[in-house]
Amino acid sequence: MKIAIVGVGAMGSVYAGLLGTAGNDVWVLDPSVEHLAAIAESGLRVEGASGDRVARIGVASDPAEIGAVDLVVIATKARDVRAAATAALALLGPETVVLPIQNGLGSLDAAAEILGEAFVVGGIAGGFGASLVAPGHVHHHGMELIRIGELSGPATPRLERIAETWRAAGFKAETCDNLDRLVWEKLICNACFSGPCTILDVTIGEVLDESHAWSVAAACATEAWQVARASGVDLSFDDPLPFVRAFGEKLRGARPSMLLDRLARRPSEVDVINGAIPPRAAALGLEAPANATVTALVRALEATYP
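Owing to the predicted nature of the structure, the values given are computational and were not obtained by experimental measurement.

Calculation rules
- Residues numbered from 1 in each chain as written.
- Predicted model: local features only at pLDDT ≥ 70, side-chain atom pairs only at ≥ 80, totals over all residues.
- Heavy atoms only, no water.
- Phe/Tyr/Trp six-rings, centres within 6.5 Å; stacked < 30°, edge-to-face > 60°.
- Lys NZ or Arg CZ within 6 Å of the ring centre and 35° of its normal.
- Pairing = 2+ DSSP bridges.
- Helix = DSSP H or I, 4+ residues; strand = E, 2+ residues; numbered from the N terminus.
- Axes fitted to C-alpha atoms, helices over the stretch in contact; angles between N-to-C directions.
- Contact = heavy atoms within 4.5 Å.
- Buried < 20%, exposed > 50% of the residue type's maximum accessible area, 1.4 Å probe, protein only.
- Arc of directions from axis to C-beta.
- Salt bridge = Lys/Arg side-chain N within 4 Å of Asp/Glu carboxyl O.
- Parallel < 35°, antiparallel > 145°, perpendicular 65-115°, else oblique.
- Left-handed = near helix turned anticlockwise from the far one by under 90°.
- Nonpolar A, V, L, I, M, F, W, Y, C, P; charged D, E, K, R; others polar.

Draft legend 1. Here's a closer look at the packing of aromatic side chains. Inspection of every chain in the model, using the stated rule, returns seven aromatic pairs. Through a chain of ring-to-ring contacts, three or more aromatic side chains come together here, namely Tyr15, Phe128, Trp166 and Phe171. Over the face of the ring belonging to Trp214 we find Arg245, whose NZ or CZ atom lies 4.6 Å from the ring centre.

If you want it as structure tokens, here you go:
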């Protein structure tokens, strides 16, 4: 399969490396000149839960250099999805499938608006805990699951073809009939850990183990769960706390991407994670004070960046 990965930060690099070493024709696009130069010169090293390998993949500065592909994976931060989707227009053929994989809410709508709903499916990645070690080098703590679904309706044959490509590269991949469930279940986990870890500068395991930190994280998860239920989302669980604790136990040593952004003094995705909960709660006649407070504190930290 010919695949373009738009955005090769930590997660995009894991995707590109494993898909590339599985025999796919993989190309990457990213604004990081240093990272792409290292990949072009020495290959992309991926180490961690999947082993240790170096992938030789294509590097392009312009999507027109790549041409039409079978699969586009948009692996940017949520704030960059519109720009990535615009770049992906040059990668489309009649049968191309575009798979955005982001945290939070809003990315699928943005991609579908630009590319057309017929091209776009949704993806959720869980349990990787990835981080860039150096240009051309990425590490990941776990390798839990990639889930993909159509924007509406049940799984289709094209989803199964995509999932099989990921499986052949060593990923655990599943198709689903309910994309809203996937998006919200991941958001509940992210709301639980991302903001609290970022404020406290701790790992997921440290939040699980410290009672005061856990009380805040649990409140964030519970509020997100309440909003999902009130919105009519068919979740797979009735109690969010065992669900998020089980998620966190698999990634005890990981630092969420929001914390990694803070450490690098970059703008985070707080607005589409913890910050997405209060306005949706208000629209439903609910309140989300824990997520509102966590969001304000993350924004206050970001206000100190130069």
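Draft legend 2. A look at the sheet that holds strand 9 (residues 130–134). Strand order in the open sheet formed by four strands is 4-3-10-9, with mixed pairing between adjacent strands. Only two strands of the sheet have a single neighbouring strand rather than two, namely strand 4 (51–55) and strand 9. Across the sheet, the axes of successive neighbouring strands diverge by a mean angle of 20°, strand direction being ignored. Sheet strands in contact with helix 1 (residues 10–21) are strand 3 (44–48), strand 4, strand 9 and strand 10 (137–140), and its direction is about 100° off that of strand 3. The sheet strands contacting helix 2 (residues 33–42) are strand 3, strand 4, strand 9 and strand 10, and the helix crosses strand 3 at an angle near 95°.

Draft legend 3. Focus on the sheet that holds strand 12 (residues 173–176). One open sheet holds the three strands; their spatial order is 8-11-12, and the pairing between them is mixed. A single partner strand is all that each edge strand has here, and the edge strands are strand 8 (121–126) and strand 12. Pairs of neighbouring strands in the sheet enclose a mean axial angle of 20°, with direction left out of account. Here strand 11 (residues 145–150) pairs with strand 12 via four bridges, running parallel. The partner of Ile146 across the bridge, within strand 12, is Ala173. Contacts from helix 5 (residues 157–168) reach strand 8, strand 11 and strand 12 within the one sheet, and its direction differs from that of strand 12 by about 165°.

Draft legend 4. Quick peek at helix 3 (residues 81–88). Residues of helix 3 that are buried include every one of Val81, Ala84, Ala85 and Ala88, and no others. In a view along the axis of helix 3, the buried residues occupy a sector of 100°, so they form one face of it. Buried residues in helix 3 make contact with strand 1 (2–6), strand 6 (71–74) and helix 4 (107–115).

Draft legend 5. Seen up close, the side chain of Asn190. By the secondary structure assignment, Asn190 is in helix 6 (residues 179–200). Its relative accessible area of 8% is what places Asn190 among the buried residues. Contacts of Asn190, omitting those with residues within four sequence positions, involve Asn103, Gly104, Gly195, Ile273 and Asn274.

Draft legend 6. Local environment of the pattern of salt bridges. Taken as a whole and assessed by the stated rule, the structure comprises 14 salt bridges. Where Glu160 meets Arg167, a salt bridge forms, and the shortest distance between an N and an O atom there is 2.6 Å. For Glu160, a relative accessible area of 34% corresponds to the partly exposed category. A residue is classified by how much of its surface remains accessible, and Arg167, at 28% relative accessible area, is partly exposed. Linking Glu249 and Arg252 is a salt bridge whose minimum nitrogen-to-oxygen distance equals 3.0 Å. A residue is classified by how much of its surface remains accessible, and Glu249, at 40% relative accessible area, is partly exposed. Exposure remark for Arg252: the relative accessible area of 29% places this residue in the partly exposed category. Each member of the salt-bridge network shares a partner with another, and the members are Arg45, Glu47 and Asp52.

Draft legend 7. Main features of the packing of helix 3 against helix 4. At their nearest, the axes of helix 3 and helix 4 sit 9 Å apart, and the two run at 30° to each other. Between helix 3 and helix 4, the angle is such that the two are roughly parallel. Every pair of crossing elements has a handedness; the one defined by helix 3 and helix 4 is right-handed. Of the residues in helix 4, those touching helix 3 at Val81, Arg82, Ala85, Thr86 and Ala88 are Ser107, Ala110, Ala111, Glu113, Ile114 and Leu115. When the residues that make up the contact of helix 3 with helix 4 are grouped by side-chain class, the tally is seven nonpolar, two polar and two charged.

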